[in-house]
Amino acid sequence: MPIEIQEIHVAEARRRIDAGARLFDVREQGEWDEVHAPHATLVPMSEFVNRWQEIDGGDEPAIIVCHSGARSARIVAALEQSGVPAVNLTGGMVAWEQAGGPVERDAHGEPRHGH
């Protein structure tokens, strides 16, 4: 039976982050370089198998974000199955930006190469 995942919208995510919840971005490095939330931690989906233990929301469920919400939903399901409380940010970074969430971009507005 598929695991039910909890979805939250940007306003709720921002409220939880202000209260101490942690935000994890599961997009890849190039996407992160283009734009990301300033307080997010990057754990790319391609590295998830080796790094999932780094995802810990502290006293609150970890908030997981990707570009539009599809990859993060899969990550939330995997975390929940592993006993790590997590919620999916509905609409991903697209919704985050549209709702006026704070973002950081590459200084040139272009993806950086390398790490």
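Since the structure is predicted, the reported quantities are computational estimates derived from the model, not experimental observations.

**What about the pattern of salt bridges?**
At step 1: Within this structure, the stated rule accounts for seven salt bridges.
At step 2: Asp-25 is the partner of Arg-27 in a salt bridge, and the nearest nitrogen-oxygen pair spans 2.7 Å.
At step 3: Asp-25 sits in the buried class, given a relative accessible area of 0%.
At step 4: One salt-bridge network, held together by shared partners, links Glu-12, Arg-15 and Arg-16.

**Focus: the environment of Glu-7**
At step 1: Positionally, Glu-7 belongs in strand E1 (residues 6-8).
At step 2: Among the residues examined, Glu-7 registers a relative accessible area of 39% and is labelled partly exposed.
At step 3: Put simply, Glu-7 and Gly-91 are 84 residues apart on the chain and 9.5 Å apart in space, counted from C-alpha to C-alpha.
At step 4: The residues contacting Glu-7, other than those within four sequence positions of it, are Asn-88 and Thr-90.
At step 5: Within the structure, Glu-7 has its side chain in polar contact with the side chain of Asn-88 (distance 3.0 Å).

**A look at the sheet that holds strand E4 (residues 41-42)**
At step 1: Read from one edge of the open sheet, five strands run E1-E6-E5-E2-E4, paired in parallel fashion. Where the open sheet ends on each side, the last strands, each with one partner, are E1 and E4.
At step 2: Pairing geometry for strand E5 (residues 62-65) and strand E6 (residues 86-89), over three bridges, is parallel. Bridge pairing in E6 places Ala-62 opposite Ala-86.
At step 3: Against the sheet, helix H1 (residues 10-18) makes contact with E1, strand E2 (23-25), E5 and E6, and its axis sits at roughly 90° relative to E1, the strand it touches most.

**Quick look at the pairing of E6**
At step 1: What you see with E6 is no split at all: Ala-86 and Asn-88 on one side and Val-87 and Leu-89 on the other are buried throughout.
At step 2: Examined bridge by bridge, E1 and E6 share three bridges and lie parallel to one another. Looking at the pairing, Gln-6 lines up with Val-87 of E6.
At step 3: The parallel pair E5 and E6, bridged by helix H4 (residues 70-81), forms a crossover whose chirality is right-handed.

**What to know about the side chain of His-36**
At step 1: Summarising the element assignment, His-36 is placed in strand E3 (residues 35-36).
At step 2: Given a relative accessible area of 7%, His-36 falls into the buried group.

**Concerning the nonpolar core**
At step 1: By size, the foremost hydrophobic cluster in this structure holds 17 residues, and its most contacted members are Ala-13, Leu-23, Ile-63, Leu-89 and Trp-96.
At step 2: For this core, the secondary structure elements donating two or more residues are H1, E5, E6 and helix H5 (92-98).
At step 3: Sequence-distant contacts of Ala-13, defined by excluding residues within four places in its chain, comprise Ile-8, Ile-63, Leu-89 and Trp-96.
At step 4: Formed by 13 residues, the second largest nonpolar core is a distinct cluster that contains Phe-24, Phe-48, Ile-64 and Ile-75.

Conventions and cut-offs
Residues numbered from 1 in each chain as written. Predicted model: local features only at pLDDT ≥ 70, side-chain atom pairs only at ≥ 80, totals over all residues. Heavy atoms only, no water. Salt bridge = Lys/Arg side-chain N within 4 Å of Asp/Glu carboxyl O. Buried < 20%, exposed > 50% of the residue type's maximum accessible area, 1.4 Å probe, protein only. Helix = DSSP H or I, 4+ residues; strand = E, 2+ residues; numbered from the N terminus. Contact = heavy atoms within 4.5 Å. Polar contact = N/O pair within 3.5 Å; in protein donor to acceptor, adjacent residues only side chain to side chain. Pairing = 2+ DSSP bridges. Axes fitted to C-alpha atoms, helices over the stretch in contact; angles between N-to-C directions. Right-handed = clockwise from strand over helix to strand, strands pointing away. Core = buried A, V, L, I, M, F, W, Y, C linked by side-chain atoms within 4.5 Å.

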